[in-house]
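If you want the building blocks of each chain, they are given just below.
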Protein chains: 2
Amino acid sequence: MITLNRDAPETLYQQLFNYFKEQILSGAMKAGKRLPASRALADELDISRTSVVNAYDALESAGLIVSRERRGLFVVDKLPILYAEWMLSDGDFIPAAASHVSESQEFPSLISLSVGSLPVDFMPVEAMRRALNAVLDRDAGAALGYEPTEGYKPLRRAIADQLHSRGMNVKADEVLVTGGCQQAIDLAVQSLVPPNGILLTTDPTYIGLIDIARTRNLELITIPWSDQGIDLAGLETLIQERRPHLFYLMTTFLNPTGAVLSMQQRRHLLTLAATYQLPILEDGVYDGFDYEDAGLPSLRALDESGLVLYASGFSKTVVPGTRIGYLISSPQLYSRISRVKQAADVCTPGLNQRAMTELLRSGQLNAHLEVVRHACKHRRDALLAALQRYASGTWTWTTPMGGLYIWVEIPSNGPTAVELLQKAADLGVDFAIGASFSPNANWPYHLRLNFSSYAPPVLEEGIRRLWTAWLAC
Amino acid sequence: MITLNRDAPETLYQQLFNYFKEQILSGAMKAGKRLPASRALADELDISRTSVVNAYDALESAGLIVSRERRGLFVVDKLPILYAEWMLSDGDFIPAAASHVSESQEFPSLISLSVGSLPVDFMPVEAMRRALNAVLDRDAGAALGYEPTEGYKPLRRAIADQLHSRGMNVKADEVLVTGGCQQAIDLAVQSLVPPNGILLTTDPTYIGLIDIARTRNLELITIPWSDQGIDLAGLETLIQERRPHLFYLMTTFLNPTGAVLSMQQRRHLLTLAATYQLPILEDGVYDGFDYEDAGLPSLRALDESGLVLYASGFSKTVVPGTRIGYLISSPQLYSRISRVKQAADVCTPGLNQRAMTELLRSGQLNAHLEVVRHACKHRRDALLAALQRYASGTWTWTTPMGGLYIWVEIPSNGPTAVELLQKAADLGVDFAIGASFSPNANWPYHLRLNFSSYAPPVLEEGIRRLWTAWLAC
């Protein structure tokens, strides 16, 4: 019996998607089971047929159901690897073949915990294929021609709508489509920081921002971000003394630490920005990539001063390879930044923009994101459990509520992260060293571990190797 | 009877493609005619079956033949619009329906001769669709993940191979894949010209280069490029006096004039570059987009000093919307430029790179380019004929041997291009004003006309409107 709640924050199709997902994952709906015809189900539930079709599309995109021509939609025979892997240790639903997979598991010779993105087997290949073909059917050559520098208008609208649902009052005219979030950051920096100007960021910070500062010959100054958050008193002094042109920070699930800036600090930071008329570039690339509803309103959502630019994209959390990001600026800055984009690469590929629009509009992107978040949360827990098993009481680490990374601190009376990495690589595991994320090469005893790339047993083996390497240093 | 020449510069499959193309376009092979089975034809001609399959693929991509499942390949019932349009006035082959199309012709309310690219109905939609699907079949999620900043290795190899066939000795390791040719130029400029540095170019020059200089706050100095070529004596003085950091120029089919730098000037320019150790950025975006085999070896091909960088791409001539370009640099500069690319946008979309690799490797891109060149040549001739009909003896213009543009000069005792544009727009035609292509706003009595966008009757109507507007000014 399906019960829908018209007053719930989720749309009807999302509720329907969740219902069937649970039914299939719990085993209540078995392999080969046929789903109700969309028209009949829509009548029965008294909802639009579109809602049913959208839910079915999302289930198909997630690899849970399959369409057999002229016969209807059926639960797949074999759940996608994605599901099989995390369910392996979920316990509540073990497919017949799974225990076999587990026993015959061979571990990779190198377990790489150093990468900066999701694994490729999490990519929504079939959904993307359908979107690309639909776009070519509909738009033909126009899908392969130039787009306006600002971006494909329906994508700008779809992005504005998505941000609206996160409490951000953004108009389509304020959205500039970019080549991934990296280009959004680079364009904002180029537009707001003059040559030899001063760029302020946190320490640690996103490694791509350090690249930009070096390439652009900017002076990069930093304010520490510790367990207690950003040192706001120190920040105010720094602003007074150095008068930076722009403050870049990642407010939610900071790469590398996973930290979330507190609500109190967000408000305080906005007050400082208004007092000193300091423009802020907020990187929201992990916003919404959340395991425990730990996300807070973005600075951009809270801001009333017009000083906050917001950069984000779909690279870190869904499809890196299409390179679709965006920058939200203000009417005053928009045309200046667009001119920089025009000079940089004319426009972002139209085919990719149009396919992404389809994925967003159909709800398939969000449905896929939900599946990926579920898998990532499970993998995070597996990595945390492995750390607990081997290194409890000796190493310390963060428990991130979202994003892809755990930030581990090893004792400062032992090997540095750089020393550990050499030994670890010999034993078949790697990680990103903490100092990479600091313009000042701070954090010599910190490691960033990406927990998304492997199934739980591999993650556990990785931590076993890492611990063994540390003991051997 | 098919005759192949193993010593000809064209490959066997290209010869085979040309043979069937001529047969179909001339009407010797009629609609519905079945093509020989590939194995039988390969045996008969004593060539590899792959050559036959490649030729058939290219014919299919060009819309000349169609595959009917399990029955074979057939000449299409209806030739694609592309062919119908130019054959309308070719005279030698008029499809049954064509004269009807011609009579019922309605002209667009605005005939836009101002655009900077090919029309979207020239895009290889079906070839791109097949390439995208093939890539997703083969690579799955890897097609949607990050690529190396330098580019997808097989694409770098395919580009190096293509340049080899144009006499350029380029290694795959010297190819950096970029977001269109525009990004290739921008990265080279950023890497070689310091902030507030001096960038030298021709007058007129590519409009995107002017954008880059303005955005990057560079001083842009120019040397005139007249009917007699570049003023090389003036150039030497300018180099001595101003010591520019980089000389950018488009050597073949200069946008906007269509000019080709002579062989003598190419050699002289290289001598100057070597004497003054002046790096040259050669824009080869129209190289190979040639109607009369007027192309000359690129500076890069002639260079022995290592001072020439070469930027090009597939945007202007085949598929703008995938935004695939490339920069050929030297081992000394490569890593510096890659770091700028990394900071700018991490990498060019992998899906697009992989699809382009398929199009290049299969020969479909070159086959399609041949079709497009044929159509463009026909349209160029139609625009030239229309100019001759209306404006002969009053206006003067270039006869470009390639590219997309005709450069028209109107008398300097009449309206300026800007004044003419206002009147022309009222009468339903536009163009790009000459001054747009000059950092000094020179060329007030010049117009750039794109002849690729319309079928001959529409081009003639456009010139009729333009002439009427000029008479009315």
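Computed from a predicted structure; not experimentally measured.

Here we look at the sheet that holds strand β13 (residues 405–409) of chain A
Across a sheet, paired strands are connected by hydrogen bonds in the backbone, their directions being either parallel or antiparallel. All names here are of chain A. The antiparallel open sheet is built from four strands, whose spatial order is β12-β13-β16-β15. Pairing within the sheet leaves two strands with one partner each, and these edge strands are β12 (396–397) and β15 (432–433). Pairing analysis gives two bridges linking β15 to strand β16 (residues 446–450), with the strands arranged antiparallel. Its bridge partner lying in β16, alanine 432 is registered against arginine 448. Strand contacts of helix α15 (residues 364–391): β12, β13 and β16, with the helix running at about 15 degrees to β13, the strand carrying the most contacts.

What to know about the relation of the copies chain A and chain B
Taken as rigid bodies, chain A and chain B are interconverted by a rotation of 180 degrees and an axial shift of 0.1 Å, the fit giving an RMSD of 0.2 Å. Given the turn and translation reported, the copies of this chain are related as if by a two-fold rotation axis. If distances are taken from each C-alpha of chain A to the rotation axis, the shortest is found for proline 195 of chain A, at 3.3 Å. The residues that chain A uses at the interface reappear at the interface of chain B in 100% of cases, marking a shared surface.

Observations regarding the domain arrangement of chain A
All names here are of chain A. Examined at the domain level, chain A breaks down into domain 1 (12–77), domain 2 (111–121 + 369–472) and domain 3 (125–365). Each of domain 2 and domain 3 was reduced to a C-alpha centroid, and the two centroids are 26 Å apart. Facing 25 residues of domain 2, the contacting portion of domain 3 comprises 24 residues. Buried surface at the junction of domain 2 and domain 3, summed over both partners, amounts to about 2,300 Å²; 60% is from carbon and sulfur atoms. Our count for the domain 2 to domain 3 interface comes out at one salt bridge. As a salt-bridge pair, glutamate 292 and arginine 380 come within 2.6 Å of each other at their nearest N and O atoms. Inspection of the domain 2/domain 3 interface yields 16 residue pairs in polar contact (both at pLDDT 80 or more). Broken down by secondary-structure element, the contributors of at least two residues to the side of domain 2 that touches domain 3 are α15 and β13. A total of six residues in the side of domain 2 that touches domain 3 trace back to one element, the largest contributor, which is α15. Looking at the side of domain 2 that touches domain 3, its residues break down into 13 nonpolar, eight polar and four charged.

Some details on the pattern of salt bridges
Charged atoms that come close allow side chains of opposite charge to pair. All names here are of chain A. Scanning all chains against the criterion turns up 38 salt bridges over all chains. Put simply, glutamate 358 and arginine 138 hold a salt bridge, and the shortest N to O gap is 3.0 Å. With glutamate 358 in helix α14 (residues 350–361) and arginine 138 in helix α6 (residues 125–139), this pair connects stretches of sequence that are 220 residues apart.

Some details on the interface of chain A and chain B
Taken together, the contacts link 47 residues of chain A with 47 residues of chain B. Carbon and sulfur atoms supply 61% of the area buried between chain A and chain B, which totals about 3,800 Å² over both sides. The tally of links from chain A across to chain B stands at two salt bridges. A salt bridge links aspartate 137 of chain A to arginine 129 of chain B; its shortest N-O distance comes to 2.8 Å. Here chain A and chain B share 18 residue pairs in polar contact (both at pLDDT 80 or more) between them. If you list the elements that add at least two residues to the side of chain A that touches chain B, you get α6, α8 (180–192), α9 (207–215), α13 (331–345) and α14 of chain A. Considering each element in turn, the side of chain A that touches chain B owes the most residues, seven residues, to α6 of chain A. A class-by-class count of the residues in the side of chain A that touches chain B yields 22 nonpolar, 16 polar and nine charged.

A word on helix α1 (residues 12–26) of chain A
Residue and element names in this part refer to chain A. Taking 1.5 Å per residue, 15 residues should reach 21 Å; α1 reaches 21 Å between its end C-alpha atoms and fits that length. All buried positions along α1 are accounted for by Leu12, Tyr13, Gln15, Leu16, Phe17, Phe20, Lys21, Ile24 and Leu25. Taken from the residues just after α1, glycine 27 is the one with a positive phi, measuring 90 degrees.

Looking at unusual backbone geometry
In this model, aspartate 203 of chain A is joined to proline 204 of chain A through a cis peptide bond whose omega is 5 degrees. In this fold, proline 204 of chain A is placed in the loop between β5 (198–203) and α9. Unlike most non-glycine residues, phenylalanine 253 of chain B shows phi in positive territory, near 55 degrees. Relative to the elements of secondary structure, phenylalanine 253 of chain B occurs in the loop between β8 (246–249) and α11 (263–276).

Quick look at the pairing of strand β11 (residues 324–328) of chain B
Residue and element names in this part refer to chain B. Among the five residues in β11, five count as buried, and that is most of the element. Residues Ile324, Tyr326 and Ile328 line one face of β11 and the alternating positions Gly325 and Leu327 line the opposite face, and both faces are buried. Bridge count for strand β4 (residues 175–179) against β11 is five bridges, and the pairing is antiparallel. Of the residues in β11, the one forming a bridge with glycine 179 is isoleucine 324.

Some remarks on the confidence of the model for chain A
Residues and elements named next belong to chain A. Across chain A, pLDDT averages 89, with 94% of residues at or above 70. In this model, residues 84–104 is a region of pLDDT below 50 whose contacts with residues beyond four sequence positions or in other chains number 25 contacts. Among the scores for the predicted complex, ipTM is 0.81 and pTM is 0.83.

Some thoughts on the packing of helix α16 (residues 417–426) of chain B against helix α17 (residues 456–472) of chain B
Residue and element names in this part refer to chain B. Direction vectors running N to C along α16 and α17 enclose 120 degrees, while the axes themselves pass 9 Å from each other. If you check the angle between α16 and α17, you find them oblique. Seen from above, α16 lies across α17 with right-handed handedness. Here Leu420, Lys423 and Ala424 of α16 come into contact with α17, specifically with Leu466, Ala469, Trp470 and Ala472.

Quick notes on the packing of aromatic side chains
Residues and elements named next belong to chain A. Counted by the stated rule, this structure contains 22 aromatic pairs over all chains. Centroid distance tyrosine 286 to tyrosine 405: 6.1 Å. Interplanar angle 85 degrees. Geometry classified as edge-to-face. Pair noted here: tyrosine 286 is in the loop between β9 (280–283) and α12 (299–302) and tyrosine 405 is in strand β13, with a separation of 119 residues, a long-range link. For the pair tyrosine 286 and tyrosine 405, one class covers both residues: buried. Ring geometry for phenylalanine 314 versus tyrosine 326: centroids 5.9 Å apart, planes at 55 degrees, classification tilted. With phenylalanine 314 in the loop between β10 (308–313) and β11 (324–328) and tyrosine 326 in strand β11, this residue pair connects regions lying 12 residues apart in the sequence.

Regarding the side chain of arginine 379 of chain A
Tracing the sequence through the fold places arginine 379 of chain A in helix α15. Separated by 3.1 Å, the side chain of arginine 379 of chain A and the backbone oxygen of tyrosine 454 of chain A make a polar contact.

Examining the environment of glycine 313 of chain A
Residue and element names in this part refer to chain A. By the secondary structure assignment, glycine 313 is in strand β10. Take glycine 313: its relative accessible area is 7%, and that puts it in the buried class. C-alpha of glycine 313 to C-alpha of glycine 197: the two residues are 116 residues apart in sequence and 26 Å apart in space. Excluding residues within four positions of it along the chain, glycine 313 makes contact with Cys181, Val285, Ile324, Gly325 and Tyr326.

Some thoughts on the pairing of strand β16 (residues 446–450) of chain B
One face of the sheet, then the other: side chains in a regular strand alternate in exactly this way. All names here are of chain B. For β16, the buried fraction is high: five of the five residues fall into the buried class. Burial along β16 is two-sided: His446, Arg448 and Asn450 and Leu447 and Leu449, pointing in opposite directions, are all buried. In this structure, strand β13 (residues 405–409) lies alongside β16, joined through five bridges in antiparallel fashion. Looking at the pairing, valine 408 lines up with leucine 447 of β16.

Quick look at the packing of helix α7 (residues 153–164) of chain A against α14 of chain A
Residue and element names in this part refer to chain A. Following both chains from N to C, one finds α7 and α14 inclined at 40 degrees, their axes separated by 9 Å at the closest point. Here α7 and α14 pass one another in a crossing that is left-handed. Along the contact surface, α7 presents Pro154, Leu155, Ala158, Ile159 and Gln162, while α14 presents Gln353, Met356, Thr357, Leu360 and Arg361. The class makeup of the residues in the contact of α7 with α14 is six nonpolar, three polar and one charged.

Cut-offs used in this document
Residues numbered from 1 in each chain as written. Chains lettered and ligands numbered in written order. Predicted model: local features only at pLDDT ≥ 70, side-chain atom pairs only at ≥ 80, totals over all residues. Heavy atoms only, no water. Pairing = 2+ DSSP bridges. Helix = DSSP H or I, 4+ residues; strand = E, 2+ residues; numbered from the N terminus. Contact = heavy atoms within 4.5 Å. Axes fitted to C-alpha atoms, helices over the stretch in contact; angles between N-to-C directions. Least-squares fit on C-alpha atoms with pLDDT ≥ 70 in both. Domains from an automatic or database assignment. Buried area = accessible area lost by both parts, 1.4 Å probe. Salt bridge = Lys/Arg side-chain N within 4 Å of Asp/Glu carboxyl O. Polar contact = N/O pair within 3.5 Å; in protein donor to acceptor, adjacent residues only side chain to side chain. Nonpolar A, V, L, I, M, F, W, Y, C, P; charged D, E, K, R; others polar. Expected span 1.5 Å × (residues − 1). Buried < 20%, exposed > 50% of the residue type's maximum accessible area, 1.4 Å probe, protein only. pLDDT = per-residue confidence, 0-100. Parallel < 35°, antiparallel > 145°, perpendicular 65-115°, else oblique. Left-handed = near helix turned anticlockwise from the far one by under 90°. Phe/Tyr/Trp six-rings, centres within 6.5 Å; stacked < 30°, edge-to-face > 60°.

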